[in-house]
Amino acid sequence: MTTTPDPGTLFREMLGQWEQMANQLGGQVMKSGEFSRAMQGANSAAMTAQSAAHQIMDKALAAANMPSRSEVEDLSGRVRRIEEAIGRIEALLMTQAGIAPPERPKPRRTRKPAKSA
């Protein structure tokens, strides 16, 4: 009685052999100096293109009299520090005046957005 080979087993063996050959070839290619130089060149080109894009965007924003991302981040940090200082001053003044700080309503934890009045 002859049994027919399982196509799944045959496919898995072929895939395993293919993976092994691809890994060997990939390992040999990655060890070569040409590959590392090519990857370094590609990385350098990508970094140069990214830098050029940033410079172009900065120039376009400056021409439109708009702030750049870094300027907005700086302003955001300044505003946050000012708000924190005002909060500390307010708390200190309320403590000296003997006034309890007001209860601030906490946002509801629902999936529905808050209804506007």
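Here, the structure is the one placed above.
J.: Would you mind showing me how to read the overall build of the chain here?
T.: Along its length, the chain carries three helices and zero strands. When the helices and strands of the chain are placed in sequence order, the string is α-α-α. On C-alpha atoms alone, the chain measures out to a radius of gyration of 32 Å, which is more than a quarter above the 13 Å that the 2.2 N^0.38 rule sets for 117 residues. With the C-alpha coordinates aligned to their principal axes, the bounding extent of the chain is approximately 100 × 50 × 30 Å. Counting only residues that meet the buried cut, the chain has 3% of its 117 residues in that class. A total accessible area of about 11,600 Å² is found for the chain, and carbon and sulfur atoms account for 60% of it. The average position of the 16 basic charges and that of the 12 acidic charges among the side chains of the chain differ by 8 Å.

J.: Would you mind showing me how to read unusual backbone geometry here?
T.: Both trends apply: most residues other than glycine have a negative phi, and most peptide bonds are in trans. Phi at N65 is positive, roughly 55 degrees, even though this residue is not glycine. By the element assignment, N65 lies in the loop between α2 (33-63) and α3 (69-97).

J.: Looking at this structure, how should I read a nonpolar patch on the surface?
T.: On the surface, L10, F11, M14, L15, W18 and M21 cluster together into a nonpolar patch covering about 690 Å² of accessible area. Position of W18 among the secondary structure elements: in helix α1 (residues 7-31). Residue class for W18 comes out exposed when judged on its relative accessible area of 55%.

J.: What is the right way to read the environment of S36 from this model?
T.: Note that S36 resides in helix α2. As for S36 and I56, which are separated by 20 residues in sequence, their C-alpha atoms are 30 Å apart. A distance of 2.9 Å separates a polar atom in the side chain of S36 from the backbone oxygen of G33.

J.: I tried to follow α3 on my own but got confused; where do I start?
T.: Along an α-helix, residues three or four positions apart point the same way, because every turn accommodates 3.6 residues. Compared with an ideal rise of 1.5 Å per residue, which puts 29 residues at 42 Å, α3 spans 42 Å between its outermost C-alpha atoms and is within 8% of the ideal. Looking one or two places after α3, you find G98, whose phi comes out positive at around 75 degrees.

J.: In this structure, what is going on with the side chain of S68? I would like to understand it.
T.: When you line up the elements, S68 lands in the loop between α2 and α3. On the basis of relative accessibility, which here comes to 12%, the residue S68 falls in the buried class. A distance of 3.2 Å separates polar atoms of two side chains, one belonging to S68 and the other to S70. Not counting the four nearest positions on each side in its chain, S68 is found in contact with D58 and L61.

J.: Looking at this structure, how should I read the pattern of salt bridges?
T.: Charged atoms that come close allow side chains of opposite charge to pair. The final tally for this structure, using the stated rule, is two salt bridges. Where R37 meets E34, a salt bridge forms, and the shortest distance between an N and an O atom there is 3.7 Å. Taken together, the positions of R37 and E34, both in helix α2 and three residues apart, correspond to about one turn of that helix. Of the residues examined, E34 reaches a relative accessible area of 54% and is grouped as exposed. Here R69 makes a salt bridge to E73, at a shortest N to O gap of 3.3 Å. Separated by four residues within a single helix, R69 and E73 lie in helix α3, roughly one turn from each other. A relative accessible area of 68% places R69 in the exposed class.

About the thresholds
Residues numbered from 1 in each chain as written. Predicted model: local features only at pLDDT ≥ 70, side-chain atom pairs only at ≥ 80, totals over all residues. Heavy atoms only, no water. Helix = DSSP H or I, 4+ residues; strand = E, 2+ residues; numbered from the N terminus. Rg over C-alpha atoms; globule rule 2.2 N^0.38 Å. Buried < 20%, exposed > 50% of the residue type's maximum accessible area, 1.4 Å probe, protein only. Areas by Shrake-Rupley, 256 points an atom, 1.4 Å probe, with all protein chains shown as cover. Lys, Arg positive; Asp, Glu negative; His and termini not counted. Charge placed at Lys NZ, Arg CZ, Asp CG, Glu CD. Patch = residues over 30% accessible without salt bridge, like charges linked within 9 Å, V, L, I, M, F, W, Y side chains within 5 Å. Salt bridge = Lys/Arg side-chain N within 4 Å of Asp/Glu carboxyl O. Polar contact = N/O pair within 3.5 Å; in protein donor to acceptor, adjacent residues only side chain to side chain. Expected span 1.5 Å × (residues − 1). Contact = heavy atoms within 4.5 Å.

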